[in-house]
Amino acid sequence: HGVIADSPEWQAHRDHVQAGWAKVKAGRGGVMSKWRDGAIRTACTGSGTLLYPFSGPDFMNAYLLFPGCKNYVLFGLELPGDVPDLDNLDRAALGKLLADVRVAVGDLVERNYFITSRMSRQLHTSQLKGVVPVLIASMALAGVDVKSVETLELPALPRAEDDSAETQAAAKPLRKLRAVQITFQRPGATKPQTLQYFSVDATNKGVAPYPEFLAHLRSVKPAPMLIKSASYLLQDRQFRIVRDTLLESAEFLVQDDTGMPYEVLKDHGWDVSLYGGYRKPIHPFHWAYQSKLDAAYKAATPGELPFSFSYHWNGGKSNAMVARRLSVQAAAPAAGFGRPVPPAPR
């Protein structure tokens, strides 16, 4: 896109984004990589597929902390969207798209997480629709080459037969399951990597009509998992099915206090190492205070966490946990991994 690259809108966008990313790389990015090498001590574990629930379009943290995974499975409420058709945008539309991308990634650059309430507006503008543009922009900043973006379909699984009106109502989708697969490759690598993003209502009622999605999460065990800035959803009984599925599928976990409840991890035989310091959840999540996690931090000597990671992002007040399942399950066959659907002609 030589014409686009020569435009003042693109050049201003490039300079702005590169300056912000250079600041991140020089600061948080390098510190995170050093911490990763000491605390995680692996580029990927288990099956080689990273699970990242409630991620939004956060490719950066997944790739910084687990750079060697073959596949990344992300999911959230936000729609996938499409690759912008840059060739058919006039200068005004291009300028608006690029400005929207800058706004969408602004919180990630500053705070190291996306704010859910803002994403609902930032990813639904006249030009920017969905997470795909933000994901591929993040990949470009990370220095990887995006090879393809394809719609992804999971093979349907049979539903249990039950004629009751109550069961039929429960099985009615609250929102349609949509997915996309992005294939990318780092410079010098011999094999590409993939990222799968699922747009799904992850409540118990939301996933009930989609057993194939839950089966997909189980198919990659034993998997490493990342959970951060997740609005404490896994402490809510409305998300119990997804929580239990993730707990069954994962063997290794990096998270902040918004993820798996500390008490649940300990009850299920996980070894948990603590980093940073625990503080009561920010507003409006005061209800998610974990007394046992607070006691564990007070009783332990937590490791250093020299970067912002959780909602307490300002002033070195973040927390993180690195947890390992003590008894690892054998990996399931990789069947049912989904198949990309070639994009329709424009």
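Residues numbered from 1 in each chain as written. Predicted model: local features only at pLDDT ≥ 70, side-chain atom pairs only at ≥ 80, totals over all residues. Heavy atoms only, no water.

Caption draft 1: Up close: the overall build of the protein chain. Helix and strand counts for the protein chain come out as twelve helices and ten strands. Classification of the 346 residues of the protein chain by burial places 49% in the buried group. In the protein chain, the share of contacts with a sequence separation of at least 24, taken over all contacts with a separation of at least 6, comes to 77%. Working note: accessible area of the protein chain is about 16300 Å², and carbon and sulfur atoms make up 54% of it. (Helix = DSSP H or I, 4+ residues; strand = E, 2+ residues; numbered from the N terminus. Buried < 20%, exposed > 50% of the residue type's maximum accessible area, 1.4 Å probe, protein only. Contact = heavy atoms within 4.5 Å. Areas by Shrake-Rupley, 256 points an atom, 1.4 Å probe, with all protein chains shown as cover.)

Caption draft 2: The pattern of salt bridges, seen in detail. One pass over the full model with this rule turns up seven salt bridges. Between Arg-36 and Asp-37 there is a salt bridge whose closest N-O contact spans 3.1 Å. The salt bridge involving Glu-263 is made with Lys-292; its shortest N-O contact spans 3.1 Å. Remark: Lys-292 occurs in helix 12 (residues 291-299) and Glu-263 occurs in helix 11 (residues 262-267); sequence separation between them is 29 residues. Take Lys-292: its relative accessible area is 47%, and that puts it in the partly exposed class. Connected through salt bridges with shared partners, the residues Arg-218, Lys-221 and Glu-248 form a single ionic network. (Salt bridge = Lys/Arg side-chain N within 4 Å of Asp/Glu carboxyl O.)

Caption draft 3: Spatial organisation of the state of the cysteines. Throughout the structure, instances matching the rule amount to one disulfide. Disulfide pairing places Cys-44 opposite Cys-69 at an S-S distance of 2.1 Å. Where Cys-44 bonds to Cys-69 through sulfur, the torsion about that S-S bond is close to 90°, and the disulfide is right-handed. Taken as a pair, Cys-44 in the loop between helix 2 (8-39) and strand 1 (49-53) and Cys-69 in the loop between helix 3 (59-65) and strand 2 (71-76) lie far apart in primary sequence, 25 residues in all. In this pair, the class of Cys-44 matches that of Cys-69, namely buried. (Disulfide = S-S within 2.5 Å.)

Caption draft 4: Spotlight on the packing of helix 9 (residues 211-219) against helix 10 (residues 240-249). At a minimum axis distance of 8 Å, the contact between helix 9 and helix 10 shows a crossing angle of 25°. The angle between helix 9 and helix 10 places the two elements in the roughly parallel class. Residues Leu-214, Leu-217 and Arg-218 of helix 9 touch helix 10, and the partners they reach there are Ile-241, Val-242, Thr-245, Leu-246, Glu-248 and Ser-249. Of the residues that constitute the contact of helix 9 with helix 10, the class distribution is five nonpolar, two polar and two charged. (Axes fitted to C-alpha atoms, helices over the stretch in contact; angles between N-to-C directions. Parallel < 35°, antiparallel > 145°, perpendicular 65-115°, else oblique. Nonpolar A, V, L, I, M, F, W, Y, C, P; charged D, E, K, R; others polar.)

Caption draft 5: Representation of the environment of Ile-182. Secondary-structure assignment places Ile-182 in strand 4 (residues 178-185). Each C-alpha atom of the pair Ile-182 and Tyr-72 lies 9.6 Å from the other, and the pair is 110 residues apart in sequence. Setting aside residues no more than four positions away along its own chain, Ile-182 makes contact with Leu-135, Ile-136, Met-139, Val-146, Ser-148, Val-149, Gln-193, Thr-194 and Leu-195.

Caption draft 6: Spotlight on the pairing of strand 7 (residues 250-255). Extensive coverage of strand 7 is indicated by the burial of six of its six residues. As judged from the five bridges shared by strand 6 (residues 223-227) and strand 7, these two strands associate in the parallel manner. Note that in strand 7 the partner of Leu-226 across the bridge is Val-254. With helix 10 bridging strand 6 and the parallel strand 7, this β-α-β connection has right-handed handedness. Summarising the sheet, strand 7 and strand 9 (residues 319-325) pair through four bridges and their orientation is antiparallel. Bridge pairing in strand 9 places Val-254 opposite Val-322. (Pairing = 2+ DSSP bridges. Right-handed = clockwise from strand over helix to strand, strands pointing away.)

Caption draft 7: Up close: the packing of aromatic side chains. By the definition in use, this model includes 19 aromatic pairs. Summarising the aromatic geometry, the rings of Tyr-232 and Tyr-311 are spaced 6.2 Å apart at their centres and angled 55° between planes, so their arrangement reads as tilted. Here the residue Tyr-232 occupies a position in the loop between strand 6 and helix 10, and Tyr-311 occupies one in the loop between helix 12 and strand 9, the gap between them amounting to 79 residues. Note on accessibility: Tyr-232 and Tyr-311 belong to one class, buried. Each member of the aromatic cluster is reached from another via a ring pair, and the members are Phe-54, Phe-75, Phe-198, Phe-213 and Phe-239. Across the ring face of Phe-309, the terminal group of Lys-228 is positioned such that the distance to the ring centre comes to 5.2 Å. (Phe/Tyr/Trp six-rings, centres within 6.5 Å; stacked < 30°, edge-to-face > 60°. Lys NZ or Arg CZ within 6 Å of the ring centre and 35° of its normal.)

Caption draft 8: How the structure looks around unusual backbone geometry. For the peptide bond that leads from Lys-221 to Pro-222, omega is 0°, which places it in the cis range. Here Pro-222 shows up in the loop between helix 9 and strand 6. Between His-283 and the following residue, Pro-284, the backbone shows a cis peptide bond with an omega angle of 10°. Positive phi, normally seen in glycine, also occurs at Phe-54, with a value near 55°. Locating Phe-54 in the fold gives a position in the loop between strand 1 and helix 3. Of note, the phi angle at Ser-231 is positive, near 55°, even though the residue is not glycine. Residue placement: Ser-231 occurs in the loop between strand 6 and helix 10.

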